[in-house]
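Residue-level structure breakdown
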Amino acid sequence: MIFGISLPRAFLAAFMVMLLHLAGSVAEAASTVRSTARQAVSSDEHWVLWPFITWGERTSGRYVGVHPFYTWQEERESGASSSHALWPLVRREHKPETWNATDRRALSVFPLWHSVVMQRPEGYQETHRYLIPFYWGGGQQWPDGKQRDGIGGKYFVLFPFYWRASNAEVVIPLFPKRPQTFHALWPIAGFFEGWWNRERIAFLFWPLFVGSEKQAGDEKMKSTSLLWPVLGWHRGETIRGFRIWPLFATVTKPGEFRRSYWLWPFGHDRHEKEDSARRPKSMTLFLPFFGRARDPKLEYDMYFPIYGELRMKGRRSRGWLLALYNEDDNLREGVRNHRLLWFIVRWTSRIPVEVEPGFPPSPEELRNDPGPMEGGGLFPFYIRKSNARSFRQWILWPFYSHRIDRFDDRRFERRFLLPFYGETKTHDRQGGKRGGLFVFPFYRKVTMREGTRFESVPHLFPYTKAVPLDRNWAPLWMVWTRHRNFFSGESRVRLFGRVSAYDRDVEGAIRREFNLGLWSWRNETGPAGARSGRSRFLFGLLERNWLNEDSGWKVFGTEL
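Overview of the structure. Predicted, not measured: the structure shown is a model, and the values here were computed from it.

**Thoughts on the pairing of strand 38 (residues 443–447)**
With five bridges connecting them, strand 37 (residues 433–439) and strand 38 associate as antiparallel partners. Pairing of Phe438 across the sheet is with Arg444, part of strand 38. Following strand 37, the chain reverses through three residues before pairing antiparallel with strand 38. Judged from the four bridges that link them, strand 38 and strand 39 (residues 452–457) form a sheet pairing that is antiparallel. Residue pairing for strand 39: Thr447 is matched across the bridge by Arg453.

Structure (structure tokens):
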């Protein structure tokens, strides 16, 4: 009973261990004795108020953590650093090298503010900053401020009123990933180039007047709208058309195409005539009752609710009676997948192989074709299907799933029994292995290709690998952890932070220690077998030190 409150014995025991560890941590921080064997050990770790405050240095780099409020780490080899504050709210990172940039610096205040500044290999600096949805700005700039190869523009948007960009790649949604140019003071006036499949869009007192230009074959089509999108007309040298939305619209270029709709979005009719450059295309829809489309790549027919069919390269799908029964045909492999009651009952059967005119498989496709997925089941109770490269199995979907994929350079496998068990494995042809395993809520293991393995107990969330969670939150519940590198021989084991600790470095030096408040003990063995250590009693008031066969005592810091 603490402060008049009865606590479970397990919780009380954990609370006492934390108090003992706190006392041991404070005594450890006050120590000035460092043995010669400790210098060779590759990790230097400190805990105060375990599991909340930690800092130290490992083979991979340095780190500081005030869990879960703030963490910082720096990679020794690359020099990259990152910090989190109240993850996932604030994140700052610096990467000296990435696959397409150098000196990349980023700051995110989730979900509104984002800032990225990086140096591109071509020699210019790229910047993007935005406060969703009000401010968007940045661009690309060369050291001398001049453009090269069409690169060197800036953009600034104060949404929704002011828009300005000069040949700059932007990160604003709805814009394609290519240099943009636009100037607008919405809703008074503005223009945009290369947007919404138009070469140019201009408006005056939006939406009263809107004009656009678009290339239609070998001719440019100009469109003008009054009270967009209600009234508009289209014109070119031979192109003619008009629009009264949503009642009716038509655009025609004799000998090329005819496009129209009525009662939008229900009725559509489009036709493109055959010429030397393309095969004919046509589409007629009156949703949801009728649909028909013909294209060089597909054929589609729909008579709702009786029947629907889609035929495309190597595949044909058909459905009857609101798709209560479906057939999905692999025409190249000669396999038909049946589905009854949408997706509940499934099975496969064989059909004759069909070679479509104009779509013969290439030698590369034939060589790499693993064959069709065959199998079936009764959803959600059991489904199983496979081919030469893939395997899929579900039992009581979505609780148990098993998946295998075989690629030219690796084999990937995963099993999940939600939420209690999960495992992933990847084996590559060079002998590398990586993967993860968890038994919720008891245990987790993560193995990387470079031979490192991390294990922890307990595991309070069902995931195999999630770096931000591991870095910011997991230290609050991880009682036992172990890091190992099977190639270098390094190892690090922790129980309740540093109540019990074991370290082995790349040179073979070993350090063992216990920190239990009133008493702490450390023993270190160097690569050549040299032994050193110390025992402390009463927070260091009485201390015994040894080096190989020699030992001595200290009382109040004074040698006896």
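**Looking at the environment of Val493**
For Val493, the location among the structural elements is in strand 41 (residues 491–495). Residues Val493 and Trp480, 13 residues apart in the sequence, show an inter-C-alpha distance of 7.5 Å. For Val493, the residues in contact, after removing those within four places along its chain, are Trp480, Thr481, Arg482, Ser500, Ala501 and Tyr502.

**Thoughts on the environment of Tyr443**
Looking at the secondary structure, you find Tyr443 in strand 38. A relative accessible area of 21% means that Tyr443 is categorised as partly exposed. Expressed as a C-alpha distance, the spacing of Tyr443 and Thr481, which sit 38 residues apart in the sequence, is 9.9 Å. Once residues within four sequence positions are removed from consideration, Tyr443 is found in contact with Leu437, Phe438, Glu455, Ser456, Val457 and His459. Within the structure, Tyr443 has its side chain in polar contact with the side chain of Glu455 (distance 2.6 Å).

**Description of unusual backbone geometry**
Between Trp264 and Pro265 the backbone carries a cis peptide bond, its omega angle lying at 10°. Along the chain, the position of Pro265 falls in the loop between strand 21 (257–262) and strand 22 (267–272). Going from Leu418 to Pro419, the amide bond is cis rather than trans, its omega being -10°. The residue Pro419 is located in the loop between strand 35 (410–417) and strand 36 (421–428) in this model. Despite not being glycine, Asp103 has its phi angle at roughly 50°, a positive value. On the secondary structure map, Asp103 appears in strand 7 (residues 102–109). Owing to a relative accessible area of 35%, Asp103 belongs among the partly exposed residues under this scheme. Even without glycine at this site, Ala323 takes up a positive phi of about 60°. Along the chain, Ala323 turns up in the loop between strand 27 (315–320) and strand 28 (325–330). On the accessibility criterion, Ala323 (28% relative accessible area) is partly exposed.

**Looking at the pairing of strand 2 (residues 53–57)**
By the alternation rule, side chains of strand 2 split into Thr54 and Gly56, which are all buried, and Ile53, Trp55 and Glu57, of which none is buried. Relative to strand 2, strand 1 (residues 44–48) is paired through five bridges, and the arrangement is antiparallel. Bridging from a neighbouring strand, His46 pairs with Trp55 of strand 2. Here strand 1 folds back onto strand 2 in antiparallel fashion, the turn holding four residues, of which Leu49 has a positive phi close to 55°. Where strand 2 meets strand 3 (residues 61–66), five bridges bridge the pair, whose relative direction is antiparallel. Looking at the pairing, Thr54 lines up with Gly65 of strand 3. Where strand 2 folds back onto strand 3 in an antiparallel hairpin, the turn is made up of three residues.

Conventions we followed
- Residues numbered from 1 in each chain as written.
- Predicted model: local features only at pLDDT ≥ 70, side-chain atom pairs only at ≥ 80, totals over all residues.
- Heavy atoms only, no water.
- Pairing = 2+ DSSP bridges.
- Helix = DSSP H or I, 4+ residues; strand = E, 2+ residues; numbered from the N terminus.
- Contact = heavy atoms within 4.5 Å.
- Buried < 20%, exposed > 50% of the residue type's maximum accessible area, 1.4 Å probe, protein only.
- Polar contact = N/O pair within 3.5 Å; in protein donor to acceptor, adjacent residues only side chain to side chain.

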